[in-house]
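An overview of the molecular structure
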Amino acid sequence: MRGLLAALCAFALLIPAQANAWGFYAHRTTADIAEANISPAARAEMRRLMRAEAGLGTPECALTSVQDASTWPDCVRRSFWRWGYTASWHYRTAPICEAYNPRANCSGGNCVTAQIERNHRILADESLPDHVRLQALAFMVHFAGDVHMPLHSGDKNDRGGNDREADYGAVPGLNLHWIWDGPLAERAVTDPAHPVVRRYSAAELADLGGGDAADWGRESWQIAREFIYPTAFDTDEVCAGELPMKTVYTEEDIAKSVPIARRRVQQAGVRIADLLESAFAPGPLPEPSR
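Cut-offs used in this document
- Residues numbered from 1 in each chain as written.
- Predicted model: local features only at pLDDT ≥ 70, side-chain atom pairs only at ≥ 80, totals over all residues.
- Heavy atoms only, no water.
- Helix = DSSP H or I, 4+ residues; strand = E, 2+ residues; numbered from the N terminus.
- Buried < 20%, exposed > 50% of the residue type's maximum accessible area, 1.4 Å probe, protein only.
- Contact = heavy atoms within 4.5 Å.
- Phe/Tyr/Trp six-rings, centres within 6.5 Å; stacked < 30°, edge-to-face > 60°.
- Disulfide = S-S within 2.5 Å.
- Pairing = 2+ DSSP bridges.
- Axes fitted to C-alpha atoms, helices over the stretch in contact; angles between N-to-C directions.
- pLDDT = per-residue confidence, 0-100.

Focus on the overall build of the protein chain
Per the secondary structure count, the protein chain includes twelve helices and five strands. The buried share among the 290 residues of the protein chain stands at 50%. The contacts of the protein chain with a sequence gap of at least 6 include a subset with a gap of at least 24, amounting to 72%.

This is how it looks when you write it as structure tokens:
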């Protein structure tokens, strides 16, 4: 048994960080949830736009489904010479020990909350070419997922937990961000006792939906501040001083975190569905939040 555990740990450490990212587990699940909760009209319009895929000029990164859309921005980012300018669009970290400011750390609209609004507006503009709107759809779907991962918003001078080494139960050598990106996200969305991909009731939609990108970023920041850092470092005084650069995310910590991670995935999926519906609905273009 010890040999098997050691082999599994070694295998986990050999997997590249990107393969274990939220994009691999949670992003595609948010897309599945969104697809299950949009109207036939919105689904048809989305599929019509995807016929313009060739116009994007990204044959190495497919964009023929909403599931593809949920990971397309991470795929194209590998071609840094072309897409490197989008790197800062995937997050907007805010210090957990300062008052939350939805406008900080977003110069020129180069952050996740601003890009959700920008791409929603582009998607809704029927005067634009289909391939332009399709690209906006992919960015919008992906970034709406990103903003729901708490460590894309909350930070304690550690790049959203990337600089905090953390063991995940018996698996050593990860970091706090990676844990929430990868193994915790996988565990949250693959629990057969709590299926997340389904048609939600009106009451569930009301509970999980609502708000705008700035609200979603604030929610994530609050989870980082009030739950993730205190849980990871066993203290309610995360802002009283420096935290260790290494910790252990115990099985007890994992068990407490899974329901929170699951709810963030559900919220993202439902809110992506809302974004798609409003972008494809007739009427005036949505105004950006102030």
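Points about the packing of aromatic side chains
Summed over all chains, the structure comprises eleven aromatic pairs. For the pair Tyr229 and Phe233, a centre-to-centre distance of 6.5 Å together with 15° between the ring planes defines the contact as stacked. With a gap of four residues between them, Tyr229 and Phe233 both fall in helix H11 (residues 213-233), about one helical turn apart. We note that Tyr229, like Phe233, is buried.

Overview of the state of the cysteines
One pass over the full model with this rule turns up three disulfides. A disulfide bridge connects Cys61 with Cys75, and the sulfur atoms are separated by 2.0 Å. Residues Cys61 and Cys75 share a disulfide whose torsion about the S-S bond is about -85°; that sign makes it left-handed. Of the two residues, Cys61 sits in the loop between helix H3 (40-49) and helix H4 (66-76) while Cys75 sits in helix H4, which places them 14 residues apart along the sequence. Side by side, Cys61 and Cys75 carry an identical accessibility label, which is buried. With its sulfur 2.0 Å from that of its partner, Cys97 forms a disulfide with Cys239. A torsion of -90° about the S-S bond marks the disulfide between Cys97 and Cys239 as left-handed. Of the two residues, Cys97 sits in the loop between strand S1 (94-95) and helix H6 (112-124) while Cys239 sits in the loop between H11 and strand S5 (246-249), which places them 142 residues apart along the sequence. Overall, Cys97 belongs to the partly exposed group, its relative accessible area being 36%. Exposure remark for Cys239: the relative accessible area of 38% places this residue in the partly exposed category. Sequence-ordered numbering of the bonded cysteines in the protein chain gives a disulfide pattern of 1-2, 3-6, 4-5.

Some details on the sheet that holds strand S3 (residues 165-168)
Taken in spatial order, the three strands line up as S4-S3-S5 in an open sheet, and their pairing is mixed. The sheet is open, and its two edges are formed by strand S4 (171-175) and S5, each paired on a single side. If you compare each strand with its neighbour and ignore which way they point, the axes differ by 30° on average. Where S3 and S5 come together, four bridges link them in parallel fashion. Its bridge partner being in S5, Glu165 is matched across the sheet by Lys246. Packing of helix H12 (residues 251-280) onto the sheet brings it into contact with S3 and S5, and relative to S5 it is tilted by some 70°.

Structural notes on the confidence of the model for the protein chain
Taken as a whole, the protein chain shows an average pLDDT of 90; of its residues, 89% reach a score of 70 or greater. When the criterion is pLDDT under 50, residues 1-20 qualifies, and its contacts beyond four places in sequence or with other chains add up to 19 contacts.

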